[in-house]
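What the coordinates show
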Amino acid sequence: MTRAPGRKAQDENMGKFRLKCVECGGLKERCALTCEKCDSLLRAEYYQKRLTLKELSGIWRFHEWLPVDGYVDSCAGPITYKSREFARELGLKNLYISFSGYWPEKGAFVQTCAFKEYEALVSLQRARECGVKTLIVCSSGNTGRGFAYVAEKAKVHVLVVVPEKNVDRIWLPETIESPYVHLLAVRGADYFEAVTLANKIEKEGFFQEGGAKNVARRDALGTVMLDAAIKIGEMPKHYFQPISGGAGAIGVWEMAKRLLADGRFGKHLPKLHLAQNIPFVPIYKAWIEKRNYIKEEDAKKEYVREMYANVISNRNPPYSIRGGTWDALTETRGEMYAIEGNEAIDAKNIFEKLEGIDIVPAAAVGVASLISAVEKEKIDKKDVTLLNVTGGGMERLKKERETFKLKPEILKKDASNASIREVIDRI
Ligand SMILES: *Cc1c(COP(=O)(O)O)cnc(C)c1O
Ligand SMILES: [Zn+2]
């Protein structure tokens, strides 16, 4: 991992936050992604301890607790509402839904239809402030779409690297003829081979965005908890989310800790209930065996092919790293769920029928975990519960609107360094 160039360490005490290593407490310069000494995440420590809202739209209302100075114009953000029909079906009295996607009547305008768009907004703003010229994003779906869409607004170049077979997933909700968006399709590659090729791309000013190590990504996703706490008036007792590696869940946990310190939103951290999709359940397996590390044999790529929600399949999750998913589950006395594809499909159908909006497969895994928790009486019917519907409204958006494909550059998965260079030089 390379850190972005930019401000010097002396700046650490300026601005609205400082970056600290979760393990050694060392202060880092504001563009850092890692601690050179520790296997640990960095965390943003905001000077403002009381949550104050800005008069901005979408996630930028929470600007005070996002690790950037400026912002990218956007009205994308999570919306929280109290469920009636689905809650009644489950017998829950206080079920709230956080929805990230396209649902105009509810005021939800995430046009790439997943919460990855928040990560894109904050990460690209941070990249710009840190002097990054081009951010490389490897993705077979939601992340690539989110970053491609935001690139033009943020005026930061984004190179999305995707297996050629998934190139259709990288569409844009508007025609933007943008010099900032670049798509590279890797022929004959699966996701992991595309990552391998992306790792070979070395050029001045090109940076890998850092995934869960990037505080911009985690705090962006953590806005889900902020929006919910404000809407409900307190933090929920339970929080349900489908996870890949858990960047979103870590972000939510970190925001909950800030809300706890604020003092106005409750005295307990929400319990994390996190779900993976069978057969790819490495974090589930590790957690139920009380292991703080992932076994490689549980994260086989053959498993990814057999998944229903194959976007939630991080093979190198931020689990053992200090401040990561293990710590989040431990501190909140969390639970892991392993969900079958057909359970997720049933959950999707029930949810869509009762709540009136389509949801993406990954989100359906989260819905199924809530159903399972209710059946196994892991939560009380009266408990304030938050279900993070991480993506939705895609079928609806595609019905109502035209979407636009990007034209990719193409490289073979075993392309020579010279041919990679040649394509990259055109970008
Ligand atoms: C990425 C993604 C997730 C998983 O998020 P984590 O980063 O693992 O917390 C869940 N749902 C959707 C729709 C996603 O795109
Ligand atoms: Zn450290």
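Up top you'll find the structure we're talking about.
What you see is a predicted model, and the numbers here were worked out from it, not measured in a lab. (Residues numbered from 1 in each chain as written. Chains lettered and ligands numbered in written order. Predicted model: local features only at pLDDT ≥ 70, side-chain atom pairs only at ≥ 80, totals over all residues. Heavy atoms only, no water.)

Let us now look at the coordination of the zinc ion (ligand 2). Around the zinc ion (ligand 2), the donor atoms from the protein are Cys-21 (SG), Cys-24 (SG), Cys-35 (SG) and Cys-38 (SG), and they sit 2.3 to 2.4 Å away. All donors to the zinc ion (ligand 2) come from one chain, and their sequence spacing reads C-x2-C-x10-C-x2-C. Taken as a pair, Cys-21 in strand S1 (residues 17–21) and Cys-38 in the loop between strand S2 (27–28) and strand S3 (42–46) lie far apart in primary sequence, 17 residues in all. Relative accessible area serves as the criterion here: at 3%, Cys-21 is assigned to the buried category. Take Cys-38: its relative accessible area is 18%, and that puts it in the buried class. (Donors = N, O, S within 2.8 Å, 3.2 Å for Na, K, Ca; no water. Helix = DSSP H or I, 4+ residues; strand = E, 2+ residues; numbered from the N terminus. Buried < 20%, exposed > 50% of the residue type's maximum accessible area, 1.4 Å probe, protein only.)

Next up on the list: the pattern of salt bridges. All told, the structure shown has 34 salt bridges when counted by the stated rule. Here Glu-164 and Arg-187 are joined by a salt bridge, their closest N and O atoms 2.8 Å apart. On the criterion of sequence distance, the pair formed by Glu-164 in the loop between strand S8 (157–163) and strand S9 (171–172) and Arg-187 in strand S10 (residues 181–187) is long-range, its members being 23 residues apart. For Glu-164, a relative accessible area of 24% translates into the label partly exposed. Within the structure, one salt-bridge network assembled from shared partners comprises Lys-285, Glu-289, Arg-291 and Asp-298. (Salt bridge = Lys/Arg side-chain N within 4 Å of Asp/Glu carboxyl O.)

Quick look at the sheet that holds strand S17 (residues 409–412) now. Strand pairing in a sheet is mediated by backbone hydrogen bonds. Such pairs are either parallel or antiparallel. Overall, parallel pairing links the five strands, which are arranged S11-S7-S8-S10-S17 in an open sheet. Strands at the two margins of the open sheet, each flanked by one partner only, are strand S11 (206–208) and S17. Across the sheet, the mean angle separating the axes of adjacent strands is 25° when strand polarity is ignored. By the bridge criterion, five bridges tie strand S7 (residues 134–138) to S8 in an arrangement that is parallel. The residue of S8 that forms the bridge with Ile-136 is Leu-159. Running at roughly 155° to S8, helix H3 (residues 142–154) makes contact with S7, S8 and S10 of the sheet. (Pairing = 2+ DSSP bridges. Axes fitted to C-alpha atoms, helices over the stretch in contact; angles between N-to-C directions. Contact = heavy atoms within 4.5 Å.)

Most of S3 is tucked away: four of the five residues are buried. Here S1 pairs with S3 via five bridges, running antiparallel. When the sheet's bridge partners are listed, Phe-17 is paired in S3 with Tyr-46.

Applying the stated criterion across every chain, the model contains nine aromatic pairs. Each ring, one from Trp-60 and one from Tyr-71, has its centre 6.1 Å from the other, and the planes form 50°; the classification is tilted. Of this pair, Trp-60 sits in the loop between S3 and strand S4 (79–82) while Tyr-71 sits in the loop between S3 and S4; the two residues are 11 residues apart in sequence, bridging distant segments of the chain. You can call Trp-60 buried: its relative accessible area is 1%. Note on Tyr-71: relative accessible area 40%, which makes it partly exposed. Judged by centre distance (5.6 Å) and plane angle (85°), the rings of Tyr-81 and Trp-103 are edge-to-face. Remark: Trp-103 occurs in strand S5 (residues 95–103) and Tyr-81 occurs in strand S4; sequence separation between them is 22 residues. With relative accessibility at 6%, the residue Trp-103 sits in the buried group. Within the aromatic cluster, the residues linked to one another by ring pairs are Tyr-81, Phe-99 and Trp-103. (Phe/Tyr/Trp six-rings, centres within 6.5 Å; stacked < 30°, edge-to-face > 60°.)

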